[in-house]
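Descriptive analysis of the structure
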Amino acid sequence: MITARAAATFEPVARSVATARAFVRDTLQGWGYTDVVDDAVVLTSELVTNAVIHAGTAADVLCLRTEDGVRVEIADHYPEREIPLRPTGVDLDSLDSENGRGLLLCAALASRWGVEYSPTRKHVWFQLDLPDRPVGVRSAGPLLPVGLLPVTDDHVRVAVVQIDGEGAVAAWNDDAAYLFGYTADQVIGKRLTDFTAWPQTPGTSTGIADALRLSRWEGSYGIRGADGRTIPVYGSHLRVRDPQGEPSTVCLLVRDYERAVLQTPARTPVSDAAESRKTDPFEVFIGSPAPDDLDGLLQRTVERARDMLDADAAFLLLATDDETELEVRATTGLPSARQRFARVPVEAGTGRYGSARMPAVHEDLDAVPGAVPLLGNTGMRSVVTVPLKVEGRLTGSLGVAAEGAGRYSNEEALRLQFAADRIALAVESARLGELERLRRGSLSFLVEASDLLAGTLDRDQTLALMAQMTVPTLATWCAVYTIADPASDPELSYVLHEDEERIDGLKSLLTRISPPEPVRTPGARVWAAPSQAAHEAALRTSMRSIGIGGPGGLGSTTRTTLATAAAVGGETVVLPLVARNRVIGMLTLGKPSDDHFRQEILELAEDLSRRAALALDNARLYSERTAISQSLQRSLLPPGLPAVPNVEVDVIYRAAGEGNEVGGDFYDVFPIRDGAYGFAIGDVCGTGPEAAAVTGLARHALRLLAREGFGGPAVLERLNAAILDEGTRSRFLTLLYGELWPQEDGSALLKVVCAGHPLPLRLRQDGSVEPAADPQPLLGVMEDLELYEQTFTLEPGDVLLCVTDGVTERREGTRMLGDDGLADVLAHCTGLTAGAVAARILRAVERFAAEPPSDDMAILTMRVPEPH
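Our subject in this report is the structure included herewith. (Residues numbered from 1 in each chain as written. Predicted model: local features only at pLDDT ≥ 70, side-chain atom pairs only at ≥ 80, totals over all residues. Heavy atoms only, no water.)

This part takes up the overall build of the chain. Broken down by element type, the chain carries 21 helices and 34 strands. Residue pairs in contact within the chain that sit at least 24 positions apart in sequence constitute 62% of those at least 6 positions apart. (Helix = DSSP H or I, 4+ residues; strand = E, 2+ residues; numbered from the N terminus. Contact = heavy atoms within 4.5 Å.)

It is worth spelling out the packing of aromatic side chains at this point. For the structure on display, the rule yields six aromatic pairs. An angle of 80° between the planes, with centres 6.2 Å apart, marks the rings of Tyr481 and Trp527 as edge-to-face. Within this pair, whereas Tyr481 is found in strand β18 (residues 477–482), its partner Trp527 is found in the loop between β20 (525–526) and α14 (529–545), the two being separated by 46 residues in sequence. Just above the ring of Tyr178 sits the side chain of Arg157; from NZ or CZ to the centre is 3.8 Å. Lying across the ring of Phe418, Arg422 places its NZ or CZ 4.4 Å from the centre. (Phe/Tyr/Trp six-rings, centres within 6.5 Å; stacked < 30°, edge-to-face > 60°. Lys NZ or Arg CZ within 6 Å of the ring centre and 35° of its normal.)

The subject of this paragraph is helix α21 (residues 834–848). Given a rise of 1.5 Å per residue, 15 residues ought to cover 21 Å, and the 21 Å separating the end C-alpha atoms of α21 matches this to within 8%. Taken together, the buried positions of α21 are occupied by Ala834, Val837, Ala838, Ile841, Leu842, Val845 and Phe848. End-on view of α21: buried residues confined to an arc of 130°, all on one side of the axis. (Expected span 1.5 Å × (residues − 1). Buried < 20%, exposed > 50% of the residue type's maximum accessible area, 1.4 Å probe, protein only. Arc of directions from axis to C-beta.)

Attention now moves to the sheet that holds β18. In a beta sheet, neighbouring strands pair by backbone hydrogen bonds and run either parallel or antiparallel. If you trace the five strands from one edge of the open sheet to the other, you get β19-β18-β22-β21-β20, paired in antiparallel fashion. Each edge of the sheet is formed by a strand with only one pairing partner; in this case those strands are β19 (491–497) and β20. Of the strand pairs in this sheet, strand β21 (residues 572–579) and strand β22 (residues 582–590) are connected by eight bridges, and their pairing is antiparallel. Opposite Thr572, over in β22, you have Gly590 as the bridge partner. Across the sheet, helix α12 (residues 459–470) is in contact with β18, β19, β21 and β22; its angle to β19 comes to roughly 40°. Relative to β19, helix α13 (residues 503–512) is tilted by about 150°, and along the sheet it contacts β18 and β19. (Pairing = 2+ DSSP bridges. Axes fitted to C-alpha atoms, helices over the stretch in contact; angles between N-to-C directions.)

Here we take up the nonpolar core. Considering soluble globular proteins, one finds that nonpolar side chains tend to be buried as a cluster. Core analysis: the biggest nonpolar cluster contains 53 residues, and Leu716 and Leu779 have the highest contact counts within it. A total of seven residues in this core trace back to one element, the largest contributor, which is helix α17 (residues 689–707). Formed by 51 residues, the second largest nonpolar core is a distinct cluster that contains Ala467, Ala579, Leu602 and Ala605. (Core = buried A, V, L, I, M, F, W, Y, C linked by side-chain atoms within 4.5 Å.)

Let's shift gears to a nonpolar patch on the surface. A surface patch of nonpolar side chains, about 270 Å² in accessible area, is lined by Trp113, Val115 and Tyr117. Note on placement: Val115 falls in strand β4 (residues 112–117). (Patch = residues over 30% accessible without salt bridge, like charges linked within 9 Å, V, L, I, M, F, W, Y side chains within 5 Å. Areas by Shrake-Rupley, 256 points an atom, 1.4 Å probe, with all protein chains shown as cover. Salt bridge = Lys/Arg side-chain N within 4 Å of Asp/Glu carboxyl O.)

Turning our eyes to something else, we now look at the packing of helix α11 (residues 410–454) against helix α16 (residues 599–635). Their axes nearest at 10 Å, the elements α11 and α16 cross at an angle of 15°. Relative to α16, α11 is oriented roughly parallel. α11 and α16 meet at a crossing whose hand is right-handed. Contacts between α11 and α16 pair Leu435, Leu438, Ser442, Phe445, Leu446, Ala449, Ser450 and Leu453 from the former with Glu600, Leu604, Asp607, Leu608, Arg611, Ala612 and Ala615 from the latter. Residue composition of the contact of α11 with α16, by class: 10 nonpolar, two polar and three charged. (Parallel < 35°, antiparallel > 145°, perpendicular 65-115°, else oblique. Left-handed = near helix turned anticlockwise from the far one by under 90°. Nonpolar A, V, L, I, M, F, W, Y, C, P; charged D, E, K, R; others polar.)

As a further point, take the pattern of salt bridges. Using the criterion set out here, one finds 34 salt bridges in the structure. One salt bridge connects Asp175 with Arg157, and the closest N-O pair in it is separated by 3.3 Å. Here the residue Asp175 occupies a position in helix α4 (residues 174–180), and Arg157 occupies one in the loop between β5 (122–129) and β6 (159–164), the gap between them amounting to 18 residues. Given a relative accessible area of 16%, Asp175 falls into the buried group. One salt bridge in this structure joins Asp227 and Arg229, with 2.9 Å as the shortest N-O distance. Three or more residues joined by partner-sharing salt bridges are found here, namely Glu46, Glu606, Asp607, Arg610 and Arg611.

It is worth spelling out unusual backbone geometry at this point. The residue after Val471, namely Pro472, is reached through a cis peptide bond having omega 0°. Note on placement: Pro472 falls in the loop between α12 and β18. Backbone geometry places Glu391, a non-glycine residue, at a positive phi of 55°. Among the secondary structure elements, Glu391 is positioned in the loop between β16 (382–390) and β17 (393–402). Under the relative-accessibility criterion, Glu391 is labelled exposed at 84%. Unlike most non-glycine residues, Asn646 shows phi in positive territory, near 65°. On the secondary structure map, Asn646 appears in the loop between α16 and β23 (648–654).

Spatially, six strands are ordered β14-β13-β12-β17-β16-β15 in an open sheet, and the strand pairing comes out antiparallel. Bordering the open sheet on either side are β14 (343–345) and β15 (360–362), each of which pairs with just one other strand. Each strand of the sheet is rotated relative to its neighbour by a mean of 25°, with strand direction disregarded. Of the pairings in the sheet, the one linking strand β13 (residues 325–332) to β14 comprises three bridges and is antiparallel in character. From the neighbouring strand, Leu326 faces β14, where its bridge partner is Val344. Where helix α9 (residues 294–308) meets the sheet, its contacts fall on β12 (313–319), β13 and β17, and the angle it forms with β13 comes to roughly 70°.

Rendered as structure tokens:
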């Protein structure tokens, strides 16, 4: 049975993923389903990402509350897109594709899930059931004799009143009518505060108006009944949302002396509770109160074990899931910074003394060197170790050690084993809780990482994000190697350390050693070269500092080398960056001196590396595409402008859009023969490769035909035929083409043909502006064109302005610059050079609207200078 619903739609933009997460989190918390909030948020994030990022459509999110859980449905509007299911038996760790990860998370976290198709959309849904709880566990009171139970009337009346977001009564049950004397018709639509007698004076208590805005509230107040009497009541208020998302408040009211029916039981004081229960052997050993976190519990354990046996040191190791290795988690009296997270095998030898599964006493480690690898070179000689077991399964090992020989016997081993048995279950419970928090934190981390990586297509920014997400969350330092192609060697592309002063030294060290071998095998592998190189450099530097092997002294270089050695001296691992079945780089993570990685961190880093590899490869492909686009754009424009005698020529070209896609506007000025120059400015319909093909065809055909001696109309007619010959790839083209002859008297003769292009404008010395040509049909539409050219003379001081429609069609809301606006700007350019005129036109276009231009712009100006 569905008891509540909430719905929202999110646009197909990257920020919608975070907004959808917040919507689901707020909805479920408002319903009181905090137990399943985190899982629901993670699943929603993945599925909404599939809709708005991968499918590219809006995402509809619907939350349905049931009596035993919650169902969330995510729908996109791309039903023909198939669900990317994985083949049976494929290991997720071997895949580098992001596709289908949301469905795998559904299978892992959801109670039930599925996919449903309709004619207009696709639904992916998941059901999260609430965990089973004993009845009354959250509100159970103490067991009382019948005589101590509160006295009530023969029939307990509980008034149920629902208040809408404006404070008005929306529902009024029969018990409310009985208690207060009003029927539902008399109160519905009126404010509850109209019927309350107290508290209503500010400062006396929480007012009802304030209480109705709280998420939950309990307290006493008075209701004025129909007979005028004030009836003291006890109320329990809960703020909820209706199916439309509007807030409302449900009020449960009883007579004040029957408050025990609704009132939340008071907590038993801690001191009383402690006295009432029996002494717990665990707390006798570990102390009370017990630490809440795992690390605190383990550290308290080793300290108590050391004190209990009057030892010099103690240590505690936790077993891995497969019980093959033990990981150092807490020590006292030992160099814990060096040993933390180091691993040792469970079975170190063939005898019982080499197995962590049995208690063991070593009277003198000097007689059996290497028997306890953790204590090597620590000065400890006698040691006793005992296992931590839960239901027969090895979960860890606890040991104490002393510097003297023969300190421990079987008696001490029994005492320590007794203590280990008391704490084993608590340690395992805390460890499982930590793993669960790590799992949830890892999922949240990967969700945020995916959002960040999906938000950029810049290669350098992607590299920086990869490093910044790992340092210091996963590692102390990070280096990213990239491989341009299968035949190239790995190249060090980015280095980051949590201490910025160590970055230069770390980069210098890594450039002196060979990069790691690119191996496609998934997973982290240890790379010893950085640590060895750092130690060798530190040794040579230390020897020189004391005068051995070179000049002495402790300079800045020496200090940098030693600091780098300490920073890189721990464990270093390499994870391959694999995308589209090719190793495109390597992610290198490192720890400081003698420190080790936890297995959970390596697994998280491996998952991150798969996502980062895809993001890096996408950024590489986008960068290549942009470089090709820009190179092609440059090839479609002339390399430079020729020097025309007695005529100033200037051009401004601005390509709009991300990546400056090829195609669009173009211009050209070129010599035809002695004393004659051709010029053109045009605009091809659309952008992209098809438009670029027409652009290249037009610019090169113009030059070729003009130099063959054809006049303007003949040149454009032949170009029109060539465009139509392109068939379905053709694009229509607006073009202004002209020929220029500088004259001996200082003027310039021009012949122009304007084929569907914005008309050229002529500025005279007196400030008047007029079109210099008549409009004619554009190219690429009709086969038989009859074009003609128009001749005019530019006198000294005159300016000819030629632009593309990106200038005249500049918009701000419903306003457009247009031909008249352009003419007004040009009229104020008398006396300016050709370059100054072009710059003023561009500035006027940019200032016309607040938004950046959305179309390409080309501005060609020619001016005949006045004689000096």
